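Chains, contacts and geometry: an overview
Given next are the chains, with one letter for each unit.
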Amino acid sequence: MSQIKAVRGTRDLLPPETELWNHIEATARRVFARYAFGEIRTPIFEDTQLFARGVGEETDIVSKEMYTWEDRARAQSEKAQMLTLRPENTAGVVRAYIEYKLGDAGLLQKLYYIGPQFRRERPQKGRYRQFFQIGAEVIGPPSAGSESPLRDAEVLEMLATLLEELGITGWTLEMNSVGSAMDRPRYVQALREALVDVAPTLCIDCQRRAVTNPLRVLDCKVREDQEKIDALPKIADFLDEGSRAHFAQVCAALDACGVLYTINPRLVRGLDYYTRTTFEFTHSGLGAQNALLGGGRYDGLSEAIGGPKAPGIGFAMGADRLVLTLQALPSQAANDPGLADAYIAPLGEAQQAESLVLARELRRAGLRVELGDGSFRLKKSFEMGNKLARAIVLFGEDEARSGIVTVKNFQTGEQTKVPRNELSSVLRRD
Ligand code: AMP
């Protein structure tokens, strides 16, 4: 029979790599808690309209990357609902914010999420069809200060701290302002006009983007196009006074706490909902897919999906890419739990039940314990124990009767007799 494999672009995460995932997630939770964020868990699938209206029909994500299907209609007269596996989580968080009227208390909502997202992209290193994001959003009514540049700076400072606590150095923070909902159409218009002459000389993708979504031309990576794209109008020249002042204040607050950044006038990002500040943290160790995380402000998103005015700012980190970055560091061996503290070898089937009791005692004392099997010969128990643990505990009839067990430490070669009630302290790692 033909073998069934994980679907293209998806993968299984196995130990010990999952230890690293848990470490990353635990570090993120710890840092988010210090900044007074709470966790939100939204459904994995949503009404397709949420993404069409929230992320934008013209974006790559919505126009070609979503996993969408028609649900079964509840009644014959009813139209079936279109559903989509979430390609990102911000739209879901904002939907929940609106649905549960989270803004009514007049406070900022500071929410983080950790979970899988789905996009039908061309799989490659660091790019998968099911991938994992760790993200956070700060959203609320303007009266709660949700429009303040201090919120942007606080989120960026938190990210610099989180990367530092994860032990990731060598990143670059690129920032830009894409202006307000009013600035952007003027800029897009200027870009369209400039592209009339330039686009026919650019790559085939840019020729298409120039018509469908001119901002995306700025993302082009084709080497021959770069000089011409750099010469196109810059969004900075189209910002109104408010957007200009906002960006200057974000930069000033980052300067004050020593978070380094560079301004990239071409950073417009792939989602339509962004306004004002956009940012990306990149890492050179990642290769072609070098973005560790991205985010920005989305002052109009809530209204675009039928909610009240609720400006916000957020980001999403690619957990898969954090793992790749950390795996490249030599210090990561420390996250592999490695060998168990003990391998218990029941010496005969009569010792099976009592050996489980012994394992239970040691595990309750906090040790990592492997339990062998009474059907194994002594030689096999030693071979197995040597592969799995730092020490083997022999547990036969005599040991069960006397309460004194034999312990062999594989690392020192030393063999000792240990009273059962002292076993956990003898086996504990220093
Ligand atoms: P975005 O939601 O497109 O702003 O992406 C935010 C971050 O999620 C990126 O910077 C990546 O780190 C990560 N990411 C996005 N798409 C993928 C993917 N297909 N596979 C792995 N990580 C991804």
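Computed from a predicted model, the values in this text were never measured in an experiment.

About the criteria used
Residues numbered from 1 in each chain as written. Predicted model: local features only at pLDDT ≥ 70, side-chain atom pairs only at ≥ 80, totals over all residues. Heavy atoms only, no water. Helix = DSSP H or I, 4+ residues; strand = E, 2+ residues; numbered from the N terminus. Rg over C-alpha atoms; globule rule 2.2 N^0.38 Å. Buried < 20%, exposed > 50% of the residue type's maximum accessible area, 1.4 Å probe, protein only. Pairing = 2+ DSSP bridges. Axes fitted to C-alpha atoms, helices over the stretch in contact; angles between N-to-C directions. Contact = heavy atoms within 4.5 Å. Arc of directions from axis to C-beta. Near = heavy atom within 4 Å. Polar contact = N/O pair within 3.5 Å; in protein donor to acceptor, adjacent residues only side chain to side chain. Areas by Shrake-Rupley, 256 points an atom, 1.4 Å probe, with all protein chains shown as cover. Parallel < 35°, antiparallel > 145°, perpendicular 65-115°, else oblique. Left-handed = near helix turned anticlockwise from the far one by under 90°.

**Some thoughts on the overall build of the chain**
- Helices and strands together make up the secondary structure of the chain, namely 15 helices and 16 strands.
- Against the compact-globule benchmark of 22 Å for 430 residues, the chain has a radius of gyration of 28 Å, which places it well outside the compact range.
- Seen through its principal axes, the chain has C-alpha atoms that stretch 90 × 60 × 50 Å.
- In the chain, which comprises 430 residues, the share counted as buried stands at 48%.

**Concerning the sheet that holds strand 12 (residues 342-346)**
- Read across the sheet, five strands follow the order 13-12-14-15-16 without closing on themselves; strand pairing throughout is mixed. With one partner strand each, in any of the chains shown, strand 13 (369-371) and strand 16 (415-419) form the two edges of the open sheet. Recorded for the sheet is a direction-independent mean angle of 25° between the axes of neighbouring strands.
- Where strand 15 (residues 404-409) meets strand 16, five bridges bridge the pair, whose relative direction is antiparallel. When the sheet's bridge partners are listed, Thr-406 is paired in strand 16 with Lys-417.
- Along the sheet, helix 13 (residues 378-388) contacts strand 12, strand 13, strand 14 (391-395) and strand 15; its crossing angle with strand 12, the most-contacted strand, is approximately 165°.

**Focus on helix 7 (residues 204-212)**
- The set of residues buried in helix 7 consists of Cys-206, Arg-209 and Ala-210. One face of helix 7 carries all of its buried residues, which in axial projection span an arc of 105°. Along helix 7, exposed side chains directed more than 90 degrees from the buried face belong to Ile-204 and Val-211.
- The elements touched by buried residues of helix 7 are helix 6 (183-198) and helix 8 (226-230).

**Comments concerning the pairing of strand 9 (residues 275-283)**
- With nine of its nine residues buried, strand 9 lies for the most part within the structure.
- Pairing analysis gives six bridges linking strand 9 to strand 10 (residues 291-297), with the strands arranged antiparallel. Bridge pairing links Thr-278 to Gly-296 in strand 10.

**Looking at the site of the ligand**
- In the vicinity of the ligand, 16 residues are found, and the nearest of them are Arg-119, Glu-121, Tyr-128, Arg-269 and Ala-291.
- At 2.7 Å from an oxygen atom of the ligand is found a side-chain nitrogen or oxygen belonging to Arg-119.
- Here Gly-318 contributes a backbone N or O atom positioned 3.2 Å from an oxygen atom of the ligand.
- The fraction of the free accessible surface of the ligand (490 Å²) that becomes covered by protein chains is 92%.

**Topic: the environment of Pro-337**
- For Pro-337, the position within the fold is in the loop between helix 11 (319-327) and strand 12.
- According to the relative accessible area criterion, Pro-337 is partly exposed, its value standing at 26%.
- Separated by 31 residues in the primary sequence, Pro-337 and Arg-368 have C-alpha atoms spaced 9.3 Å apart.
- Excluding residues that lie within four positions of it along the chain, Pro-337 makes contacts with Glu-19, Arg-368 and Arg-429.

**With respect to the packing of helix 1 (residues 17-34) against helix 5 (residues 149-166)**
- Their axes nearest at 10 Å, the elements helix 1 and helix 5 cross at an angle of 140°. One element, helix 1, and the other, helix 5, form an angle in the oblique class. In this structure, helix 1 meets helix 5 at a crossing whose hand is right-handed. Contact with helix 1, carried on its side by Ile-24, Thr-27, Ala-28, Arg-30, Val-31, Phe-32 and Arg-34, involves Met-158, Thr-161, Leu-162, Glu-165 and Leu-166 of helix 5 and no other residues of that element.

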